[in-house]
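If you want the building blocks of each chain, they are given just below.
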Amino acid sequence: MPARPIPQATAETEPFWQGARSGEVRLPKCLACGRLHHPPLARCPYCLGQKLEWITLSGRCRLRSWTTIHVASVPGVESPFTICEAELAEQNDLVLIGHLAGISDNELAVGREMKIGFTAGANGTAYPQIEPLPADASAS
């Protein structure tokens, strides 16, 4: 099987990938308007502010949608696999996308509380994945 592509970090995205390697969701927050954004950019896409602060988020999210891919379409990823779109708890219009992990797609429902996790890849990279919350965390 061919190797999975390795994301190429830029000056704007390197803090995100550093966080991913540590198992943390890190995103830039605009100091002018207070909004988070993804993908990371050099300035805020909402107000064009240039003063950004990288913060570590909880990783909690709500499932927005998903699709299961049944054909071999991503090198290094066996099919079938499910891609999820999840809204982050800190800002409900902010979406991250990742592979489904730790649960089957027939257990999914729109609005289900989940978490963003990361799976280790080649060359020290980490790929986002959407996982179920631990049993003790879903009640809080």
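Not measured: the values here are computed from a predicted model.

Enquirer: What is the right way to look at the overall build of the chain in this model?
Expert: In terms of helices and strands, the chain carries one helix and seven strands. Taken over the C-alpha trace, the chain has a radius of gyration of 16 Å; the compact-globule value for 140 residues is 14 Å, and the two agree within 12%. The principal-axis extent of the C-alpha atoms belonging to the chain is close to 45 × 40 × 25 Å. For the chain, with 140 residues in total, the buried portion stands at 36%. Counting only contacts in the chain whose residues sit at least 6 apart along the sequence, the fraction spanning at least 24 positions is 51%. Carbon and sulfur atoms make up 51% of the accessible area of the chain, which amounts to about 7700 Å² in all. When the 12 positive and 14 negative side-chain charges of the chain are each reduced to one mean point, those points stand 7 Å apart.

Enquirer: Explain the environment of A42 to me, please; I cannot follow it from the model alone.
Expert: With respect to the helices and strands, A42 occurs in the loop between β1 (26-30) and β2 (52-56). With 29 residues separating them along the chain, A42 and T13 place their C-alpha atoms 9.2 Å apart. Excluding its chain neighbours within four sequence positions, the residues that come into contact with A42 are E12, Q50 and L52.

Enquirer: Is there a simple way to explain unusual backbone geometry in this structure?
Expert: Residues other than glycine predominantly adopt negative phi, and peptide bonds predominantly adopt the trans conformation. Between H38 and P39 the backbone carries a cis peptide bond, its omega angle lying at 5 degrees. As for its placement among the helices and strands, P39 is situated in the loop between β1 and β2. In the segment running from S79 into P80, the intervening peptide bond is cis, with an omega of -5 degrees. Relative to the assigned elements, P80 resides in the loop between β3 (60-69) and β4 (81-88).

Enquirer: Honestly, the sheet that holds strand β5 (residues 91-100) in this entry has me stumped. Any pointers?
Expert: By way of backbone hydrogen bonds, the strands of a sheet pair with one another, either parallel or antiparallel. Strand order in the closed barrel formed by five strands is β3-β4-β5-β7-β6, with mixed pairing between adjacent strands. Going across the sheet, the axis of each strand differs from the next one's by a mean of 45 degrees, ignoring polarity. Of the pairings in the sheet, the one linking β3 to strand β6 (residues 113-120) comprises three bridges and is antiparallel in character. Along β6, the bridge assignment pairs R62 with E113. In this fold helix α1 (residues 14-21) packs onto β5, β6 and β7 (126-132), with an angle of close to 60 degrees to the strand it touches most, β7.

Enquirer: Please explain the packing of aromatic side chains as it appears in this structure.
Expert: Aromatic ring pairs are reported here in terms of the distance separating the ring centres and the angle at which the planes meet. Evaluation of the coordinates by the stated rule reveals two aromatic pairs. Ring centres of F16 and W17 lie 5.0 Å apart, and the angle between their planes is 85 degrees; this geometry places the pair in the edge-to-face category. The two residues F16 and W17 agree in class, both being buried. With 6.4 Å between their ring centres and 70 degrees between their planes, F16 and F118 make a pair best called edge-to-face. Of this pair, F16 sits in helix α1 while F118 sits in strand β6, placing them 102 residues apart in sequence. The two residues F16 and F118 agree in class, both being buried. Through a chain of ring-to-ring contacts, the aromatic side chains of F16, W17 and F118 assemble into a single cluster. When the ring centre of Y127 is taken as origin, the NZ or CZ atom of R4, which lies over that ring, is 3.7 Å away. One Lys or Arg, R35, reaches over the ring of Y46 and ends 3.7 Å from the middle of that ring.

Reading the values: rules and limits
- Residues numbered from 1 in each chain as written.
- Predicted model: local features only at pLDDT ≥ 70, side-chain atom pairs only at ≥ 80, totals over all residues.
- Heavy atoms only, no water.
- Helix = DSSP H or I, 4+ residues; strand = E, 2+ residues; numbered from the N terminus.
- Rg over C-alpha atoms; globule rule 2.2 N^0.38 Å.
- Buried < 20%, exposed > 50% of the residue type's maximum accessible area, 1.4 Å probe, protein only.
- Contact = heavy atoms within 4.5 Å.
- Areas by Shrake-Rupley, 256 points an atom, 1.4 Å probe, with all protein chains shown as cover.
- Lys, Arg positive; Asp, Glu negative; His and termini not counted.
- Charge placed at Lys NZ, Arg CZ, Asp CG, Glu CD.
- Pairing = 2+ DSSP bridges.
- Axes fitted to C-alpha atoms, helices over the stretch in contact; angles between N-to-C directions.
- Phe/Tyr/Trp six-rings, centres within 6.5 Å; stacked < 30°, edge-to-face > 60°.
- Lys NZ or Arg CZ within 6 Å of the ring centre and 35° of its normal.

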